[in-house]
Amino acid sequence: MEGRKIFLLCFNFLSILLFAGTVFGWTALSDMLVKESFYSYLCDGQPPCDAQSVALNQAFTLASTATGLCALPGGWLLDSAGPVVTIIAGGAIEVLSVAGIALCEHTWQLYHIDLFPIYLVGVAVGGSLIRFCGYSCGFLFPGHGALLIAMASVLFDGSCMVFPLIKVLYNMGMPLSTLFWYYTAIGLVIFTLLPVAWWLNSAEMKQVRRAAA
């Protein structure tokens, strides 16, 4: 098995595990946001309050809905533009959205603009594009495709543990913004190398797609 394929497979699986379905670890993220006083200005008395919870859950509702709605355009993008373009788009959306969450409270304090729902939707949309690319990687490994797609599916389910793990570090005393900046840095590394990995395998991927047409 060629080194370029192993290179792709490793970073493909990392991208799925760390970024594809993180939005579904919402409960842990919501708990941290409440402690960080996100939307606490909506409370008449001492936070936390129902209005704060409603605002946070509305953001999650938008994000989880976006995950389903982007399936068709995401699949079209993968079919028409290929995995290199799709992973660049998904990775860029994901990294910018994670960085945006790190800056959310600062943006609110300076400009009183609530961008958190937009960034959470970005995490969901970027994660969906990453997942679509992740599943297509299995077609490069004849005889192992079904197994690799199944592994990608398991890793997607496991990605909902990212925010709970961040919460463990948060409870140990690390600032939430710092944790999200570290998370952003990891994303920058992965989504710089992953498009390169896809490009190195692009010729073979085109052959696979032509054979399936």
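Refer to the structure printed above.
This one's a predicted model, so the numbers in the text were calculated from it and none came from an experiment.

> I keep staring at the overall build of the chain and nothing clicks. Help me out?
Per the secondary structure count, the chain includes ten helices and zero strands. Against the compact-globule benchmark of 17 Å for 213 residues, the chain has a radius of gyration of 18 Å, which places it among compact chains. Along the first, second and third principal axes, the C-alpha set of the chain runs to 65 × 35 × 30 Å. Within the chain, contacts between residues at least 6 apart in sequence are counted, and of these 79% link residues at least 24 apart. Distance from the positive charge centre (8 side chains) to the negative charge centre (11 side chains) of the chain: 17 Å.

> Help me out: how do you make sense of the pattern of salt bridges in this one?
Pairing is possible between side chains of opposite charge, provided their charged atoms come close. In this structure the tally under the stated criterion is three salt bridges. Residues lysine 5 and glutamate 204 are paired through a salt bridge, measuring 2.8 Å at the closest nitrogen-oxygen approach. Here lysine 5, found in helix H1 (residues 3–20), pairs with glutamate 204, found in helix H10 (residues 202–212); they are 199 residues apart in sequence, far enough to count as distant. For lysine 5, a relative accessible area of 7% corresponds to the buried category. Measuring nitrogen to oxygen at the nearest pair gives 2.9 Å for the salt bridge that ties lysine 167 to aspartate 31. With lysine 167 in helix H8 (residues 162–171) and aspartate 31 in helix H2 (residues 26–35), this residue pair connects regions lying 136 residues apart in the sequence. Accessibility expressed as a relative area gives 21% for lysine 167, which makes it partly exposed.

> Please explain the layout of surface pockets as it appears in this structure.
A probe as big as a water molecule, rolled over the atoms, marks out the empty space that is left. Estimates place the volume of the largest pocket at around 200 Å³. Contributing to the lining of the largest pocket are Leu17, Leu18, Gly158, Met161, Val162, Leu165, Ile166, Leu169, Leu179, Tyr182, Tyr183 and Ile186. Sorting the residues of the lining of the largest pocket by element identifies H1, H8 and helix H9 (176–200) as the ones contributing at least two each. For the lining of the largest pocket, the per-class residue count stands at eleven nonpolar, one polar and no charged.

> So what exactly am I meant to see when it comes to H9 here?
Note on helix geometry: an α-helix contains 3.6 residues per turn, so any two residues three or four positions apart are oriented the same way. Taking 1.5 Å of rise per residue, the 25 residues of H9 would be expected to cover 36 Å, and the 36 Å separating its terminal C-alpha atoms lies within 8% of that figure. The set of residues buried in H9 consists of Leu176, Leu179, Phe180, Tyr183, Thr184, Gly187, Ile190, Phe191, Leu194, Pro195, Ala197 and Trp198.

> Would you mind showing me how to read the nonpolar core here?
As a rule of thumb, soluble globular proteins bury nonpolar side chains together. With 54 residues, the main nonpolar core has Phe116, Phe180 and Trp198 as its most contacted residues. For this core, the secondary-structure elements that each account for two or more residues are H1, H2, helix H3 (50–69), helix H5 (83–111), helix H6 (116–136), helix H7 (145–158), H8 and H9. It is H9 that contributes the most residues to this core, nine residues altogether. Ignoring anything within four residues of it in the chain, the contact list for phenylalanine 116 reads Trp26, Leu33, Phe38, Tyr39, Leu56, Ala59, Ile101 and Cys104.

> Please explain the packing of H3 against H6 as it appears in this structure.
The relative placement of two packed helices comes down to the angle between their axes together with the axis-to-axis distance. With their axes 8 Å apart at the nearest point, H3 and H6 run at an angle of 25° to one another. Comparing the axis directions of H3 and H6 gives the class roughly parallel. Where H3 crosses over H6, the two elements pack in a sense that is right-handed. Each of Leu56, Ala59, Phe60, Leu62, Ala63, Ala66 and Thr67 in H3 lies in contact with H6, whose residues at this interface are Phe116, Pro117, Leu120, Val121, Ala124, Val125, Ser128 and Arg131. Its residues assigned to classes, the contact of H3 with H6 comprises twelve nonpolar, two polar and one charged.

> Explanation requested: the state of the cysteines in the structure shown.
Linking two cysteines covalently through their sulfur atoms gives a disulfide. A full pass over the atoms with the stated rule returns one disulfide. Each sulfur in the disulfide pair cysteine 43 and cysteine 49 lies 2.0 Å from the other. Taking the sign of the torsion about the S-S bond as the criterion, the disulfide between cysteine 43 and cysteine 49, at about -85°, is left-handed. Take cysteine 70: it sits in no disulfide, and the sulfur closest to it among the cysteines is that of cysteine 133, at 12 Å. Cysteine 137 forms no disulfide, and the closest cysteine sulfur to it belongs to cysteine 133, at a distance of 9.6 Å. Residue cysteine 137 is classed as buried on the basis of its relative accessible area of 1%.

> Sorry, what's going on with the packing of H8 against H9 here?
Direction vectors running N to C along H8 and H9 enclose 135°, while the axes themselves pass 10 Å from each other. In terms of axis orientation, H8 runs oblique to H9. The crossing of H8 and H9 is right-handed. Contact residues: H8 offers Val162, Phe163, Ile166, Leu169 and Tyr170, while H9 offers Leu176, Leu179, Phe180 and Tyr183. When the residues that make up the contact of H8 with H9 are grouped by side-chain class, the tally is nine nonpolar, no polar and no charged.

What counts and how
- Residues numbered from 1 in each chain as written.
- Predicted model: local features only at pLDDT ≥ 70, side-chain atom pairs only at ≥ 80, totals over all residues.
- Heavy atoms only, no water.
- Helix = DSSP H or I, 4+ residues; strand = E, 2+ residues; numbered from the N terminus.
- Rg over C-alpha atoms; globule rule 2.2 N^0.38 Å.
- Contact = heavy atoms within 4.5 Å.
- Lys, Arg positive; Asp, Glu negative; His and termini not counted.
- Charge placed at Lys NZ, Arg CZ, Asp CG, Glu CD.
- Salt bridge = Lys/Arg side-chain N within 4 Å of Asp/Glu carboxyl O.
- Buried < 20%, exposed > 50% of the residue type's maximum accessible area, 1.4 Å probe, protein only.
- 1 Å grid on protein atoms, 1.4 Å probe; cavity = no way out; pocket = protein on both sides within 12 Å on 5 of 7 lines; lining within 4 Å.
- Points joined across faces, edges and corners; volume = space filled by probe spheres on them.
- Nonpolar A, V, L, I, M, F, W, Y, C, P; charged D, E, K, R; others polar.
- Expected span 1.5 Å × (residues − 1).
- Core = buried A, V, L, I, M, F, W, Y, C linked by side-chain atoms within 4.5 Å.
- Axes fitted to C-alpha atoms, helices over the stretch in contact; angles between N-to-C directions.
- Parallel < 35°, antiparallel > 145°, perpendicular 65-115°, else oblique.
- Left-handed = near helix turned anticlockwise from the far one by under 90°.
- Disulfide = S-S within 2.5 Å.

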